[in-house]
Amino acid sequence: MSIKIDFEILMKTIKKALINAGMNEVKADICARVHTESSADGVESHGANRVPRFVDYIQKGWVNPDGDPILIRQRGFAENYDGNLGPGISNAIFCADRAAELAKEHGIGLVTLKNATHWMRGGTYAWKIAEHGKIGMCWIATESCMPMWGSDEPSIGNNPFCVAVPREDGEIVLDMAMSQYAFGKLGVYRLAGKNLPYPGGFDEQGNLTYDPGFIEKTKRILPTGYWKGSSMALILDLLASALANGKTGADLDDEKRGSCTGCSQVFIAIDPYLFGEKEDIQNKWNTRVKRADSAHPIDPDSPVQSPGENTMKRRMESMKNGVNIDEQIWAQIQSIADGNLDVTDIS
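This report concerns the structure included in the present document.

In contact at an axis separation of 8 Å, helix α1 (residues 7-20) and helix α2 (residues 25-40) are set at 135° when each is read in the N-to-C sense. Relative to α2, the element α1 is oriented oblique. Considering how the two elements wind past one another, α1 and α2 form a crossing that is right-handed. Contacts between α1 and α2 pair F7, L10, M11, I14, K15, L18 and I19 from the former with E25, A28, D29, C31, A32, R33, H35, T36, E37 and A40 from the latter.

Applying the stated criterion to the full structure yields 10 aromatic pairs. Seen in terms of ring centroids, Y181 and Y189 are 6.4 Å apart; in terms of plane orientation they differ by 70°. Their pairing is edge-to-face. Assessed through its relative accessible area of 10%, Y181 is described here as buried. When the ring centre of F202 is taken as origin, the NZ or CZ atom of R220, which lies over that ring, is 4.4 Å away.

With that settled, the discussion passes to the packing of helix α3 (residues 51-60) against helix α12 (residues 327-337). At a closest axis distance of 9 Å, the pairing of α3 and α12 adopts a crossing angle of 40°. Taken together, the axes of α3 and α12 are oblique relative to one another. Counting all contacts with α3, which are made through V51, P52 and V55, the residues of α12 involved are Q332, I333 and I336. Residue composition of the contact of α3 with α12, grouped by class: 5 nonpolar, 1 polar and no charged.

On to α3, then. Note: α-helices contain 3.6 residues per turn, so residues at a spacing of three or four share the same orientation. Across the 10 residues of α3, 7 count as buried, placing the element largely inside the fold. The set of residues buried in α3 consists of V51, P52, R53, F54, V55, Y57 and I58. Residues of α3 that are buried sit in contact with α1, α2 and α12. Note on α3: the residue one or two positions beyond its end, G61, has a positive phi of about 85°.

Our next topic: helix α8 (residues 227-243). Here α8 is 17 residues long and its end C-alpha atoms lie 25 Å apart, about the 24 Å a rise of 1.5 Å per residue gives. Buried within α8 are the following residues: G229, S230, A233, L236, D237, A240 and S241. One face of α8 carries all of its buried residues, which in axial projection span an arc of 120°. Set apart from the buried face of α8 by more than 90 degrees, the exposed residues are K228 and A242. On its buried face, α8 is in contact with β5 (135-141), β6 (146-147), β7 (154-156), β8 (161-165), α9 (249-255) and β12 (263-270). Phi for N245, located one or two positions after α8, is positive at around 50°.

A few words on unusual backbone geometry. Backbone geometry places N84, a non-glycine residue, at a positive phi of 50°. Note that N84 resides in the loop between β3 (78-82) and α4 (88-106). For N84, a relative accessible area of 30% puts it in the partly exposed group. If you check the backbone angles, K256 has positive phi at about 55° while not being a glycine. Secondary-structure assignment places K256 in the loop between α9 and β12.

Procedures and definitions
Residues numbered from 1 in each chain as written. Predicted model: local features only at pLDDT ≥ 70, side-chain atom pairs only at ≥ 80, totals over all residues. Heavy atoms only, no water. Axes fitted to C-alpha atoms, helices over the stretch in contact; angles between N-to-C directions. Helix = DSSP H or I, 4+ residues; strand = E, 2+ residues; numbered from the N terminus. Parallel < 35°, antiparallel > 145°, perpendicular 65-115°, else oblique. Left-handed = near helix turned anticlockwise from the far one by under 90°. Contact = heavy atoms within 4.5 Å. Phe/Tyr/Trp six-rings, centres within 6.5 Å; stacked < 30°, edge-to-face > 60°. Buried < 20%, exposed > 50% of the residue type's maximum accessible area, 1.4 Å probe, protein only. Lys NZ or Arg CZ within 6 Å of the ring centre and 35° of its normal. Nonpolar A, V, L, I, M, F, W, Y, C, P; charged D, E, K, R; others polar. Expected span 1.5 Å × (residues − 1). Arc of directions from axis to C-beta.

Structural data, given as C-alpha cells:
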C-alpha cells in the first residue's frame, strides 16, 4: 500500500539512513535529495525504493561511500575518470557538471567513468546538463538482465539512454530503459498489487504477460521494440566500455557483484548554439514541441505531451501533497535511519 510522506521529511530520513550506512554528510545530502526528487517526480522505482538496496551494497562492500572520481586521462574536450566504486549519484553529478564545463569551453564535453556504481535515475544527469544550458546525453553499460532477441536467458544489460534538450519553456527529457519496463518499475507494480498496462515480458510458458511477478521470476523482460531494444543495449555497452576504458556487461556478469557495480558510464554535453542563434533555436524547439503536443489524442482527457513535460508538475504536486512511497519501503528507510542496517531489499 502506498502512503504520502512530506518531501522534506522523506529527504531528511533518507539522509540520516545514508549517514548511518557510512556516507559523509555532503554525499548523503546529495544522494538523499536525488532519491527524494526521483520519487517526487513519479520515478519511485529508482528513487526511495532503491535506498534499502543501496545500503545493502555498502554493507557488502560493493559501493565505497568515500569513493570519488579520479582523473585518469584528458584529451581536449574529453576526460576519463575512475569512479572508485563511489556512490553512483554523487559521482554522476560530478561527471554531468564537468561535461557541461568542458562544453562551455570547447562546444562539446565528453566525460567517461569506469568502476562506477548504480546512478539510480539516469535522466537526472541529462537533466542536470540541460540546466547548464547544454544538450545532455548519457548512458551506461551494465550486467546482463535482459535477453537478446531470440533468446530465453539474460545476456545483455538493460542499459538506459538519456537525452535532455534545454528548451527554456520547459526541458524535453528522454529517459528510457532498453526494455518495455525497467525491473525497478516491475517492482513498483508488484508492490502495489497491480498488473502492467502493457505486456512487459514472458512467463514460464514463454507467453507475454502483464504480471510483473511472473517476469521477475523468469527474468525474461521484453526489450523495447523487440529486437531493436536488445540491439541498442548491446551497442550502448560497446560504446560505453570503450570510451570509459572500463568493463563490459560481460565482465560484470563474471564478477557477480550486483546491480551496476563496476559499470562504465558516458556523459556528453553539447552547446546547442554551435551553428545557430539562441533565439532561433529556441523558437524552432517551441514550434516543434507545440506541433507534437497538439496531435489529436486517443483519449480527450489525456492530451499528448512530450517527454519530461509532466515531471515538474508532478514534483510540485508532491511538494504540496506529499511524496508517494510504498508503506513497506518507508518502514525500511525509517529502520535504517534508526540505526538498523540489517534490512532485506524488497524493491
